[in-house]
Amino acid sequence: MSPVTTDKPPTASTPSKDGSGSQLTGALKDAIRGNMRQYGMLIALGLIVVLFQIWTDGTLLMPRNVSNIVQQNSYILILAIGMMIVIIAGHIDLSVGSLAAFVGAIAAVLMVEQGWSWPLALAASLVIGAIAGAWQGFWIAYVGIPSFIVTLAGMLLFRGATQIVLEGQSIAPFPKGFQNISQGFLPEVGPNTNYHNLTLFIGAAVAVVVLWQQWRDRRRQLAYELEVLPLKLWVAKCAAIAAAVMVFTMLLASYRGVPIVLLIMSGLLIALGFVMRNAVVGRHVYALGGNKAAAKLSGVKDKRVTFLVFVNMGVLAALAGCVYAARLNAGTPQAGINFELEAIAAAFIGGASMSGGVGTVLGAIIGGLVLGVLNNGMSLVGIGTDYQQVIKGLVLLAAVGFDVWNKRRAGA
């Protein structure tokens, strides 16, 4: 029998005199086994952080470096969110790096050469990304050409278009407002406390909201008589989440506060996470990736869902291109190279499955952070870029191997 995992008082058949400890241990093991993908990557991320924190004599978690990690990897994290959804749907997108470069080039031309205001140029860039995603989604969803072929053609098309638009040269500089998308921070408010007050307030609010969400989910599961963690383990989990949020908040507040790009990523995480968990279209994406034939028989409009998945990927690729251009303060022909590989690696490290139907938006963020912390940590300790590529390749192989092993274990 499975261990007791509800808040009901023990009965004669479930003695608690000296078995509560073993019950908690068993419940913890079952929780880890049931969430092996997410917990495994979280544990791996924690170990990597601890390793490089020791190896760099504490430099990794210096407030300034934490902000650098967020800003340096923001565009990859944005791409990883979209790529995760594409992979869940059972497809792949090889064009995102080239599309990001193309949109960044268009934004540069509009602002620097055409004199557009940066908000208008940003809006136009996102529309162009949506059109590009719709173009590729049409061939994949309605014509039936495999996504690998369509997006490979898109990779070549958008890379060439970037060279044409920029005529082989970089275009700069950008307005300060556009640069702040990637380089800016929230403004200082309130009295001088040696910390960024607005960041402290946001961190406390996030902790309260997350804890309230955990409590609401637990109450709902109990109402439907579903299995939940024992109360002690649930309290420990909530305490760990709150501690992690507050530690991260204090690190950011000790430097310049919350980067604006972090707010953008948080908005994407919340919105797309909600869509994938709760919205009908999100459930349809999982259904298509899990079993396309069964999903179609169940009434899922597979063509429309696939089309929307690639429109979403196009918009996120455009946003990532603008964020990267804002960070460089230039539109450059060399932008976006290997971005698609980084995004795909982040998605698979974060729990995506080659067969589709598996993964979460949060998992994409975790996978991207694993790669980002690895890159930053290895650079801090002086590991060359050649060895960095070898290590990242081994990490990706290990993540996919772990996925295969986990499937076989579950099947057994």
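The numbering scheme is per chain: residues are counted from 1 as the chain's sequence reads. Given that the model is predicted, a residue must reach a pLDDT of at least 70 before its local features are reported, and side-chain atom pairs must reach 80 or more before they are shown or counted; all residues, however, enter totals for whole chains, interfaces and linings. Side-chain measures here rest on the full set of heavy atoms in the structure, leaving out hydrogens and waters.

## Considering the overall build of the protein chain
Step number 1: To qualify as a helix, a DSSP run of H or I must reach at least 4 residues; to qualify as a strand, a run of E must reach at least 2; elements of each kind are numbered from the N terminus. Assigned secondary structure in the protein chain consists of 17 helices and 0 strands.
Step number 2: Each residue's exposure class comes from its accessible area (1.4 Å probe, protein chains only) as a fraction of the maximum for that residue type: buried when under 20%, exposed when over 50%, partly exposed otherwise. Within the protein chain, buried positions represent 46% of all 412 residues.
Step number 3: In this analysis, two residues are considered to be in contact whenever any of their non-hydrogen atoms come within 4.5 Å of each other. In the protein chain, the share of contacts with a sequence separation of at least 24, taken over all contacts with a separation of at least 6, comes to 79%.
Step number 4: As displayed, the protein chain has an accessible area near 20,400 Å², and 66% of this comes from carbon and sulfur atoms. Under the convention used here, a 1.4 Å probe and the Shrake-Rupley method define accessible areas, while residue burial counts only the protein chains that appear.

## Brief notes about the layout of surface pockets
Step number 1: Method remark: on a 1 Å grid restricted to protein atoms, a set of points is classed as a cavity if a 1.4 Å probe fits but cannot get out and as a pocket if it is open with protein on both sides within 12 Å along at least five of seven lines; lining residues have an atom within 4 Å of a point. Grid points are joined across faces, edges and corners, and a volume is the space filled by probe spheres set on the points. Roughly 550 Å³ of internal volume is contained in the second largest pocket.
Step number 2: Taken together, 22 residues form the lining of the second largest pocket, with Asn338, Glu342, Asn375, Gln389 and Lys392 sitting closest to its centre.
Step number 3: Every element with two or more residues in the lining of the second largest pocket is listed here: helix H4 (74-88), helix H15 (339-349), helix H16 (361-380) and helix H17 (385-411).
Step number 4: Throughout, the ten residues Ala, Val, Leu, Ile, Met, Phe, Trp, Tyr, Cys and Pro are labelled nonpolar, Asp, Glu, Lys and Arg are labelled charged, and all others, Gly among them, are labelled polar. Across the lining of the second largest pocket, the residue classes break down as 8 nonpolar, 12 polar and 2 charged.

## Section: the packing of aromatic side chains
Step number 1: Paired rings are identified among Phe, Tyr and Trp, the last through its six-membered ring, by centres lying within 6.5 Å, and are further divided according to the angle between planes into stacked (under 30 degrees), edge-to-face (over 60) and tilted (the rest). Using the criterion set out here, one finds 11 aromatic pairs in the structure.
Step number 2: Here a set of aromatic residues connected by ring pairs shows up, and it is made of Trp135, Phe138, Trp139, Tyr142 and Phe307.

## Observations concerning empty space enclosed by the protein
Step number 1: Under the criterion given, the structure shown has 2 cavities of 30 Å³ or more.
Step number 2: By volume, the largest cavity is sized at about 70 Å³.
Step number 3: Contributing to the lining of the largest cavity are 14 residues, with Ala101, Gly104, Gly321, Tyr324 and Ala335 lying nearest its centre.
Step number 4: When its residues are assigned to classes, the lining of the largest cavity shows 9 nonpolar, 5 polar and no charged.

## Description of the nonpolar core
Step number 1: Working definition of a nonpolar core: buried Ala, Val, Leu, Ile, Met, Phe, Trp, Tyr and Cys residues. They are joined through side-chain atoms within 4.5 Å. Counting 99 residues, the largest nonpolar core has Ile78, Leu79, Met83, Phe178, Val285 and Val309 as the members making the most contacts within it.
Step number 2: Here this core takes 14 residues from helix H14 (residues 302-328), the largest share from any one element.
Step number 3: Residues contacting Ile78, with those up to four places away along its chain left out, are Met265, Leu268, Leu316, Leu319, Ala320 and Val323.

## So, a nonpolar patch on the surface
Step number 1: Residues with no salt bridge and a relative accessible area higher than 30% make up the patches, which join like charges within 9 Å and nonpolar side chains (Val, Leu, Ile, Met, Phe, Trp, Tyr) within 5 Å. A carboxyl oxygen of Asp or Glu within 4 Å of a side-chain nitrogen of Lys or Arg is what we treat as a salt bridge. On the surface, Phe138, Tyr142 and Val143 cluster together into a nonpolar patch covering about 270 Å² of accessible area.
Step number 2: Relative to the elements of secondary structure, Tyr142 occurs in helix H6 (residues 118-143).

## A short note on the confidence of the model for the protein chain
Step number 1: With 90% of its residues at a pLDDT of 70 or more, the protein chain shows a mean pLDDT of 88.
Step number 2: Considering each helix and strand of the protein chain separately, the mean pLDDT is smallest for helix H1 (residues 20-34), with a value of 60, and largest for H6, with 97.
Step number 3: Values of pLDDT, which run from 0 to 100, indicate the predictor's confidence residue by residue. Note that pLDDT drops below 50 for residues 1-18; the model gives that stretch 18 contacts with residues more than four away or on any other chain.

## Thoughts on the environment of Ala347
Step number 1: Following the sequence through the fold, Ala347 ends up in helix H15.
Step number 2: Note: C-alpha distance between Ala347 and Leu396 (49 residues apart in sequence) is 9.9 Å.
Step number 3: In this structure, Ala347 is in contact with Met83, Met84, Ile87 and Ala352, ignoring residues within four places of it in sequence.

## Re the environment of Ile365
Step number 1: The residue Ile365 is located in helix H16 in this model.
Step number 2: Expressed as a C-alpha distance, the spacing of Ile365 and Ile76, which sit 289 residues apart in the sequence, is 9.3 Å.
Step number 3: Filtering out sequence-adjacent residues up to four positions away, Ile365 remains in contact with Leu77, Ile81 and Leu269.

## Overview of helix H12 (residues 280-290)
Step number 1: Taken as a whole, H12 has its buried residues at Gly282, Val285, Tyr286, Leu288 and Gly289. Looking straight down H12, one finds its buried side chains confined to an arc of 160 degrees; they lie on one side. Away from the buried face of H12 by more than 90 degrees, exposed residues Val280 and Gly290 are located.
Step number 2: Considering only its buried residues, H12 is in contact with H4, helix H11 (260-278), helix H13 (292-297) and H14. Think of the arc as the fan of directions from the helix axis to the C-beta atoms.

## So, unusual backbone geometry
Step number 1: Along the chain, Ala172 connects to Pro173 via a cis peptide bond; the corresponding omega equals -5 degrees.
Step number 2: A positive phi angle is found at Asn194, which is not glycine, with a value near 70 degrees.
Step number 3: Looking at the secondary structure, you find Asn194 in the loop between helix H8 (176-183) and helix H9 (197-223).
Step number 4: Judged by its relative accessible area of 66%, Asn194 falls in the exposed class.

## Here we look at the side chain of Asn197
Step number 1: Mapped onto the elements, Asn197 comes out in helix H9.
Step number 2: The residues touching Asn197, leaving out its near neighbours within four places in the chain, are Val189, Gly190 and Pro191.

## A look at the packing of H11 against H16
Step number 1: Angles here are taken between N-to-C directions and fall from 0 to 180 degrees, while the axes themselves are lines fitted to C-alpha atoms, restricted in helices to the stretch in contact. At their nearest, the axes of H11 and H16 sit 8 Å apart, and the two run at 135 degrees to each other. Here H11 is positioned oblique relative to H16, judged by the angle of their axes. Residues Leu269, Leu272, Gly273 and Met276 of H11 form the contact with H16, whose participating residues are Val361, Leu362 and Ile365.
Step number 2: Of the residues in the contact of H11 with H16, the class split is 6 nonpolar, 1 polar and no charged. Our angle categories are set so that under 35 degrees counts as roughly parallel, over 145 as roughly antiparallel, 65 to 115 as roughly perpendicular, and the remainder as oblique.

## Here's the deal with the packing of helix H5 (residues 96-113) against H6
Step number 1: Where H5 meets H6, the axes come as close as 9 Å, and the angle between the chain directions of the two elements is 150 degrees. Note on packing geometry: the crossing formed by H5 with H6 is right-handed. Touching Leu99, Phe102, Val103, Ile106, Ala107, Leu110 and Met111 of H5 are Trp118, Ala121, Ala124, Ser125, Ile128, Gly129 and Ala132, all from H6.
Step number 2: Split into classes, the residues belonging to the contact of H5 with H6 amount to 12 nonpolar, 2 polar and no charged. Left-handed describes a crossing whose near helix is turned anticlockwise from the far helix by less than a right angle; the clockwise case is right-handed.

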